[in-house]
Amino acid sequence: MIYMLEDEEGIRNFVIYALKSSGFEAEGFETPPALYEAIEEELPELLLLDRMLPEEDGLEVLKKLRSAPGTRKLPVIMLTAKGTELDKVEGLDNGADDYIAKPFGTMELISRIKALLRRTYGSSADTEKLSLGGITVYPSKHEVFADGEKVNLTLKEYDLLLMLMRNRGQVFSRDSLLREIWGYDFAGESRTVDVHVRTLRQKLGDCGELIETIRGVGYKAGDGSID
Ligand code: CA
């Protein structure tokens, strides 16, 4: 999934159409809040970010994404009409992975996207697969299946599941999960973790029992056996 934040409807529609024609899943957003909301629901594999936005400069959006744990490493290509050297350097200094000056052709855009996806996820990234009982996760695609059915998780639910599955058998306290997933400066309480585990389990159906509660401590990914 590729997201695009671009206030100009014409450009947005043109790019989304071009991406879909090239076999990508893609969704466009007009405003930063709409983008942030979508990211909470589903983290894309890559973001196309317009520099000149009326409400909030694209650089500010980039800084916010880079300071949040869930999007710190999200691949970002900045798009801008300002093709000067200074703008380019500013974008890259603030954490953009690549930079394309408007006007651009879709051929160039698509090949830059493919190159960045290869750099980020590797050419074999599509085949990376984590399994636990009936749960399968494809990290490069942010896809989760439970008993063969695709499961739609929010960003935090996904991060939780991935953290537990990558460290199978290890018990995590609520505080350590908060720190790892919500970030060290998150002002919430440990109940937040419980709420997310509950919705995660519900979405996983029968496989939800593989996320085990360790009474008085926290959670772990187990194999479903009683020990
Ligand atoms: Ca614009």
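Up top is the structure these notes are about.
**Description of the coordination of the calcium ion**
Now for step 1: Taken together, the protein ligands of the calcium ion are Glu6 (OE), Asp7 (OD), Glu8 (OE), Asp50 (OD) and Met52 (O), with distances of 2.2 to 3.1 Å.
Now for step 2: Between consecutive donors of the calcium ion, the numbers of intervening residues give the motif E-D-E-x41-D-x1-M.

**What to know about the packing of aromatic side chains**
Now for step 1: Evaluation of the coordinates by the stated rule reveals two aromatic pairs.
Now for step 2: Ring centres of tyrosine 3 and phenylalanine 29 lie 5.0 Å apart, and the angle between their planes is 80°; on these two criteria the pair is classed as edge-to-face. With a gap of 26 residues between them, tyrosine 3 in strand β1 (residues 2-5) and phenylalanine 29 in strand β2 (residues 26-29) connect regions that are remote in the sequence.
Now for step 3: Here tyrosine 3 falls in the buried class, since its relative accessible area comes to 2%.
Now for step 4: Look at phenylalanine 29 and you get buried, because its relative accessible area is 8%.
Now for step 5: Ring geometry for tyrosine 138 and phenylalanine 145: centres 6.0 Å apart, planes at 85°, overall edge-to-face.

**So, the sheet that holds strand β10 (residues 172-173)**
Now for step 1: Taken in spatial order, the three strands of this open sheet run β10-β12-β11, and their pairing is antiparallel. Only two strands of the sheet have a single partner each, and these edge strands are β10 and β11 (211-214).
Now for step 2: Pairing geometry for β11 and strand β12 (residues 218-221), over four bridges, is antiparallel. Following the sheet pairing, glutamate 212 is matched in β12 by lysine 220.
Now for step 3: Each of β11 and β12 touches helix α8 (residues 191-204); the most contacted strand, β11, lies at about 145° to it.

**A look at the pairing of β12**
Now for step 1: In this sheet, β12 lies alongside β10 in antiparallel orientation, the contact comprising two bridges. Bridge pairing in β12 links phenylalanine 172 to tyrosine 219.
Now for step 2: Hairpin connection from β11 to β12: three residues lie between these consecutive antiparallel strands, with glycine 216 at a positive phi of about 80°.

**Things to note about the sheet that holds strand β6 (residues 130-132)**
Now for step 1: Strand order across the open sheet formed by four strands is β6-β7-β8-β9, with antiparallel pairing between neighbours. Each edge of the sheet is formed by a strand with only one pairing partner; in this case those strands are β6 and β9 (149-151). Going from strand to strand, the sheet's axes swing by 25° on average, the running direction of each strand aside.
Now for step 2: In the sheet, strand β7 (residues 135-138) pairs with strand β8 (residues 143-146) via four bridges, with the strands oriented antiparallel. Bridge pairing links tyrosine 138 to glutamate 143 in β8.
Now for step 3: The sheet contacts of helix α6 (residues 155-166) involve β6, β7 and β8, and relative to β7 the element is tilted by about 105°.

**Some details on the pattern of salt bridges**
Now for step 1: Under the criterion given, the structure shown has 12 salt bridges.
Now for step 2: For lysine 102, the salt bridge goes to glutamate 6, with nearest N and O atoms at 2.8 Å. Here lysine 102 is found in the loop between β5 (98-101) and α5 (106-121), whereas its partner glutamate 6 is found in the loop between β1 and α1 (9-21), with 96 residues between them in sequence.
Now for step 3: What makes glutamate 6 buried here is its relative accessible area of 0%.
Now for step 4: Here lysine 203 and glutamate 157 are joined by a salt bridge, their closest N and O atoms 2.8 Å apart. A residue pair is termed long-range when its members are at least 10 positions apart, and lysine 203 in helix α8 and glutamate 157 in helix α6 qualify at 46 residues.
Now for step 5: Under the relative-accessibility criterion, lysine 203 is labelled partly exposed at 35%.
Now for step 6: In this structure, a network of salt bridges that share partners links the residues Glu6, Asp50 and Lys102.

**Points about the nonpolar core**
Now for step 1: If you look at the biggest cluster of nonpolar residues, it comprises 29 residues, and the most contacted ones within it are Ile135, Val137, Val144, Leu161, Leu177 and Leu204.
Now for step 2: Put simply, the parts of the chain that give this core at least two residues each are β6, β7, β8, α6, α7 (174-182), α8 and β12.
Now for step 3: Tallying contributions element by element places α6 first for this core, with seven residues.
Now for step 4: Ignoring any residue separated from it by four or fewer positions in sequence, one finds leucine 204 in contact with Ile135, Val144, Ala146, Val151, Leu161 and Ile211.
Now for step 5: Judged by nonpolar contacts, the second largest core, of 21 residues, contains Tyr3, Leu53, Val61 and Leu65.

Cut-offs used in this document
- Residues numbered from 1 in each chain as written.
- Predicted model: local features only at pLDDT ≥ 70, side-chain atom pairs only at ≥ 80, totals over all residues.
- Heavy atoms only, no water.
- Donors = N, O, S within 2.8 Å, 3.2 Å for Na, K, Ca; no water.
- Phe/Tyr/Trp six-rings, centres within 6.5 Å; stacked < 30°, edge-to-face > 60°.
- Helix = DSSP H or I, 4+ residues; strand = E, 2+ residues; numbered from the N terminus.
- Buried < 20%, exposed > 50% of the residue type's maximum accessible area, 1.4 Å probe, protein only.
- Pairing = 2+ DSSP bridges.
- Contact = heavy atoms within 4.5 Å.
- Axes fitted to C-alpha atoms, helices over the stretch in contact; angles between N-to-C directions.
- Salt bridge = Lys/Arg side-chain N within 4 Å of Asp/Glu carboxyl O.
- Core = buried A, V, L, I, M, F, W, Y, C linked by side-chain atoms within 4.5 Å.

Treat this as a map of the structure, not an account of what it does.
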